[in-house]
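# Results of the structural survey
As a plain string of letters, each chain reads:
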Amino acid sequence: MRIGELAGLVGVSTRAVRHYHHLGLLPEPERRANGYRDYGLRDAVALARLRRLTELDLGLDEVRDILADDSGRELHEVLAELDADLARQEAEIGARRARLAALRRQAEEHGGLPAEGPVSDELAALFGKMARTSAARPGPEPAMAAKEREVLALLECTAGGAAGKRMVELLGEASAAPGAMERTYEVYGLLDALAGAAPDDPRVAGAAQALADCIPDAVIAGIGEQQWARAGGEGAAADEGFLAAYYAHFAPAQAEAVRQAIRLLAERAR
């Protein structure tokens, strides 16, 4: 048989046959006087085995191990390793599909995904509650509400695992009380009004107190005194890393109101 006949018989391309020759996976037969390779039945058997092995998604180096006479690995060992790898991939794909299903469910339940998403179902539910509260109020949504959603999505992502889940649970508890979300939006309005104000504006203290009053005792206790104190601190702790970026997210008077509110919360946590 010529190379084209061999390739057609086994169901591969002539290019693949030449590639296997080049890699040493398929021995090259003797050439006839006319220069053509003369393939026999054993060549077809060897090529068919190559095809079956590659169809198992084995890499060519793994195929070489199986075919090599001095290889210490037997076919069943390679196949067991391949099966374990495919199982891992299957689990990863299953987890990704579950996550996508959750996001699709969020979109259906809340009329679309939040602009800050993807987020957990629990945080998406909180954002949905915020959207309903905003829609029931006159005028546009306060800019501070959108900023808070951005920060909450970031914190959930960076906290991760149990810490992120606990944070969202605390937020859900804080918003569950009757009128809690409405009061929160009133505070957003107070903070929005400080957008162009100076940090020593007399309205800052009132906005800080209103913000602190929105946080239930259970949430304060769940976060802990040390964390509140650090978040509301001054000096180096507040001028570097995440805290610096967090306060820079707000206008100066807004940042001062948030700092003062956190200090009030730290006092309540003692």
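Here, every reference points to the structure presented above.
Not measured: the values here are computed from a predicted model.

What counts and what doesn't
- Residues numbered from 1 in each chain as written.
- Predicted model: local features only at pLDDT ≥ 70, side-chain atom pairs only at ≥ 80, totals over all residues.
- Heavy atoms only, no water.
- Helix = DSSP H or I, 4+ residues; strand = E, 2+ residues; numbered from the N terminus.
- Buried < 20%, exposed > 50% of the residue type's maximum accessible area, 1.4 Å probe, protein only.
- Contact = heavy atoms within 4.5 Å.
- Areas by Shrake-Rupley, 256 points an atom, 1.4 Å probe, with all protein chains shown as cover.
- Salt bridge = Lys/Arg side-chain N within 4 Å of Asp/Glu carboxyl O.
- Axes fitted to C-alpha atoms, helices over the stretch in contact; angles between N-to-C directions.
- Parallel < 35°, antiparallel > 145°, perpendicular 65-115°, else oblique.
- Left-handed = near helix turned anticlockwise from the far one by under 90°.
- Nonpolar A, V, L, I, M, F, W, Y, C, P; charged D, E, K, R; others polar.
- Core = buried A, V, L, I, M, F, W, Y, C linked by side-chain atoms within 4.5 Å.
- Phe/Tyr/Trp six-rings, centres within 6.5 Å; stacked < 30°, edge-to-face > 60°.

Let us now look at the overall build of the protein chain. If you tally the helices and strands in the protein chain, you get 14 helices and 0 strands. When the helices and strands of the protein chain are listed from N to C terminus, the series reads α-α-α-α-α-α-α-α-α-α-α-α-α-α. Split into buried and exposed, the 270 residues of the protein chain put 33% on the buried side. Within the protein chain, residue pairs in contact and separated by at least 24 positions form 58% of the contacts whose partners lie at least 6 positions apart. Of the roughly 16000 Å² that the protein chain leaves accessible, carbon and sulfur atoms contribute 54%.

So, about the pattern of salt bridges. All told, the structure shown has 6 salt bridges when counted by the stated rule. Arg51 is the partner of Glu55 in a salt bridge, and the nearest nitrogen-oxygen pair spans 2.8 Å. Of this pair, Glu55 and Arg51 are both found in helix α3 (residues 41-55), 4 residues apart, which corresponds to roughly one turn of the helix.

This paragraph deals with the packing of helix α1 (residues 3-10) against α3. At a minimum axis separation of 10 Å, α1 and α3 run at an interaxial angle of 50 degrees. Put simply, α1 runs oblique to α3. Between α1 and α3 lies a crossing of right-handed hand. Mapping the contact onto sequence places Leu6, Leu9 and Val10 in α1 and Asp43, Ala44, Leu47, Ala48 and Arg51 in α3. Partitioning the contact of α1 with α3 into residue classes produces 6 nonpolar, no polar and 2 charged.

Note on placement: Ile223 falls in helix α11 (residues 217-223). The spacing of Ile223 and Met167 is 56 residues in sequence and 8.3 Å in space, taken between C-alpha atoms.

Attention now moves to the nonpolar core. Among the nonpolar cores identified, the biggest contains 32 residues, and Leu123, Met130, Leu191, Leu194 and Tyr247 are the most heavily contacted of them. Counting residues per element, the ones that place at least two in this core are α6 (121-135), α7 (143-159), α8 (161-176), α9 (180-192), α10 (203-213), α13 (241-248) and α14 (252-269). Counting 18 residues, the second-largest nonpolar core is a separate cluster that includes Ile3, Val10, Ala16 and Tyr20.

So, about the packing of aromatic side chains. Scanning all chains against the criterion turns up 3 aromatic pairs. Judged by centre distance (4.9 Å) and plane angle (80 degrees), the ring pair of Tyr185 and Tyr188 falls under edge-to-face. Of this pair, Tyr185 and Tyr188 both sit in helix α9, 3 residues apart, which is roughly one turn of the helix. Each member of the pair, Tyr185 as well as Tyr188, is classed as buried. Here the aromatic rings of Tyr246 and Tyr247 are separated by 5.2 Å at their centres, their planes lie at 65 degrees, and the arrangement is edge-to-face. A network of ring pairs unites the aromatic residues Tyr246, Tyr247 and Phe250 as a single cluster.

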